[in-house]
Amino acid sequence: MFIVVIIIFIIIALFELPLLIKEKQWRELIVFSGLFVFAFIIAILQSIGIDIPNPIKGIISFLKYIHLSYK
Amino acid sequence: MNQLIEKGKISSSQFKFAIMCFLVGAALITGFYAKETKQDSWMVILSGYIVFLIFLWFYLLLVKNFPGKNLIQIHDLIYGPFLGKIISALYIFYFFTVESFNLRDLGNFVSGSLLPETPIVIVLALTTIICAWTIHKGVEVVVRYGMIFFCLWIILTFMTIILSYDNLKFDNLLPMFSQPLMNYIHGTHISATICFGEIIIFLMIVPSVNDQSKINRSFFQGLTFGMIALLFIVIIDTIVLGKYTPILTLASYETLRMIDVAGIFSRMEIIFVAIHLILQFFKISVFYYVMVLSIAQVCNLRSYKSIINISGIILISYSIVIASSNIESAAFGNDAATFFSGFFELLLPVITFLIFKIKKKINKSTKDNI
């Protein structure tokens, strides 16, 4: 699983980066790299079996805290 | 100011059918409010529609006052560049969350009905790859097939009505108005936010429509026909399944399973699965497109094509994290999601419009004084 994730990320990087560098789209390159690093960290953590905190749980407890709930 | 990124154009009738198709995709989640209102679920759809019409009026006012601008640009113009970016970022988070839930629903649906032994990540990844492929081709391709998909769905519905003739028990609709009042309010809230409210994402596609004068009519007709379609589904399910509707997660699927005409026409549910996969695919691609477009718009990019694949990966990861089971996602959809989505779909557009009005008034009065 770990290796599959790394291979997928290498394929995506090889697919997108040459085009962005060739057309000199630096802003796009920055946004792409930011998203890439974020996605890479999360996917690697998931593939080695570490639980990622669920933002939905945070939203639910926040809504409960301000008493917006039907139950 | 930010330039429009999307160069493709769609016609107003394509836009209308896209809205209809998008709404019918919500047929997978009728279980959310069937739990609350049982045999009266059809009333909840009607009342949710009426409530949502008020908010649709605000959407249309925003569109009218900012012709040719999408939601992110409207935020930039009303709140200023800094606060506008923060609100747009919140909207991107909302698009991400709702889309992940839709993707997760599709995954649960497929692994519950077709592929029980396959890991869910395979289903999610395959769907995301197809959606990403569609979005690479631009907005025209994303919405072009709405009409065909909607027609397919109409054929399916009429087939259901005709073939389940033996199972129709109209007594199942009775007794009416027997639930506590709070359940109706809750159900209306669910149907207004989770079924109808999601068409706020079409505010991002509005600038791509080539005939801007017909926008109001497209929105209204799309919403109305989509509502009628949902109403049909819920009424048929209630008539066929009766008191079992609230406990089933996929009521329409079970309705088709009940069909057995002389032992020849049976096991029809596979057709339902195919058509609903198509509808859900349509819904996810529209969401995916809008999400990628909004990221590109907020970051002021020249094209959204480069970030499609990488946001797809985040999407798959997020929809695995978001709920550990089918029940958990249904519990979120039943309770907390109504407030979470309601904030973005109902409250924020109204606040945005009111701030716009106040600003306009202040500007006018200062001009008069000078």
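Residues numbered from 1 in each chain as written. Chains lettered and ligands numbered in written order. Predicted model: local features only at pLDDT ≥ 70, side-chain atom pairs only at ≥ 80, totals over all residues. Heavy atoms only, no water.

(A) Looking closely at a positive patch on the surface. Residues and elements named next belong to chain B. A cluster of basic residues, Lys64, Lys357, Lys360, Lys361 and Lys364, forms a positive patch on the protein surface. The leading source of residues in the positive patch is helix H15 (residues 336-369), at four residues. With respect to the secondary-structure elements, lysine 361 resides in helix H15. (Patch = residues over 30% accessible without salt bridge, like charges linked within 9 Å, V, L, I, M, F, W, Y side chains within 5 Å. Areas by Shrake-Rupley, 256 points an atom, 1.4 Å probe, with all protein chains shown as cover. Salt bridge = Lys/Arg side-chain N within 4 Å of Asp/Glu carboxyl O. Lys, Arg positive; Asp, Glu negative; His and termini not counted. Charge placed at Lys NZ, Arg CZ, Asp CG, Glu CD. Helix = DSSP H or I, 4+ residues; strand = E, 2+ residues; numbered from the N terminus.)

(B) Layout of the nonpolar core. Residues and elements named next belong to chain B. Membership of the largest hydrophobic core comes to 149 residues, with the highest contact counts inside it found for Phe196, Ile199, Phe202 and Phe219. Ranked by residues supplied to this core, first place goes to helix H12 (residues 269-298) with 17 residues. Beyond its immediate chain neighbours, meaning those up to four positions away, phenylalanine 202 contacts Phe15, Ala18, Ile19, Phe22, Phe219 and Val286. (Core = buried A, V, L, I, M, F, W, Y, C linked by side-chain atoms within 4.5 Å. Buried < 20%, exposed > 50% of the residue type's maximum accessible area, 1.4 Å probe, protein only. Contact = heavy atoms within 4.5 Å.)

(C) Inspection of the environment of B:Lys305 at higher detail. Tracing the chain through its elements places B:Lys305 in the loop between H12 and helix H13 (308-321). Residue classification places B:Lys305 among the partly exposed positions, given a relative accessible area of 34%. As a C-alpha pair, B:Lys305 and B:Lys137 span 168 residues in sequence and 9.2 Å in three-dimensional space. Aside from chain neighbours lying at most four places away, what touches B:Lys305 is A:Glu16, B:Ile135 and B:His136.

(D) Structural detail: the interface of chain B and chain A. Between chain B and chain A, the residue contacts involve 33 residues of the former and 32 residues of the latter. Across the chain B/chain A interface, buried area totals approximately 2800 Å², and carbon plus sulfur atoms make up 71% of it. Along the contact surface separating chain B from chain A lie zero salt bridges. Inspection of the chain B/chain A interface yields six residue pairs in polar contact (both at pLDDT 80 or more). Put simply, the parts of the chain that give the side of chain B that touches chain A at least two residues each are helix H5 (81-113), helix H9 (181-196), H13, helix H14 (326-334) and H15 of chain B. A total of eight residues in the side of chain B that touches chain A trace back to one element, the largest contributor, which is H13(B). Looking at the side of chain B that touches chain A residue by residue, the classes come out as 19 nonpolar, 10 polar and four charged. (Buried area = accessible area lost by both parts, 1.4 Å probe. Polar contact = N/O pair within 3.5 Å; in protein donor to acceptor, adjacent residues only side chain to side chain. Nonpolar A, V, L, I, M, F, W, Y, C, P; charged D, E, K, R; others polar.)

(E) Structural context of the packing of helix H4 (residues 71-79) of chain B against H5(B). Residues and elements named next belong to chain B. Where H4 contacts H5, the two axes come as close as 7 Å, and the packing angle between them is 145°. Seen from above, H4 lies across H5 with right-handed handedness. Where H4 abuts H5, its residues Leu71, Ile72, His75, Asp76 and Tyr79 lie against Pro81, Leu83, Gly84, Lys85, Ile87, Ser88 and Tyr91. Of the residues in the contact of H4 with H5, the class split is seven nonpolar, three polar and two charged. (Axes fitted to C-alpha atoms, helices over the stretch in contact; angles between N-to-C directions. Left-handed = near helix turned anticlockwise from the far one by under 90°.)

(F) A look at empty space enclosed by the protein. Residues and elements named next belong to chain B. As enumerated under the stated definition, the model contains four cavities of 30 Å³ or more in all. The volume enclosed by the largest cavity comes to roughly 180 Å³. Phe32, Val98, Phe101, Ile194 and Glu198 are the residues nearest the centre of the largest cavity, which is lined by 16 residues in total. Going through the elements one at a time, H5, H14 and H15 are the ones with two or more residues in the lining of the largest cavity. Ranked by the residues each element gives to the lining of the largest cavity, the list is headed by H5, at five residues. (1 Å grid on protein atoms, 1.4 Å probe; cavity = no way out; pocket = protein on both sides within 12 Å on 5 of 7 lines; lining within 4 Å. Points joined across faces, edges and corners; volume = space filled by probe spheres on them.)

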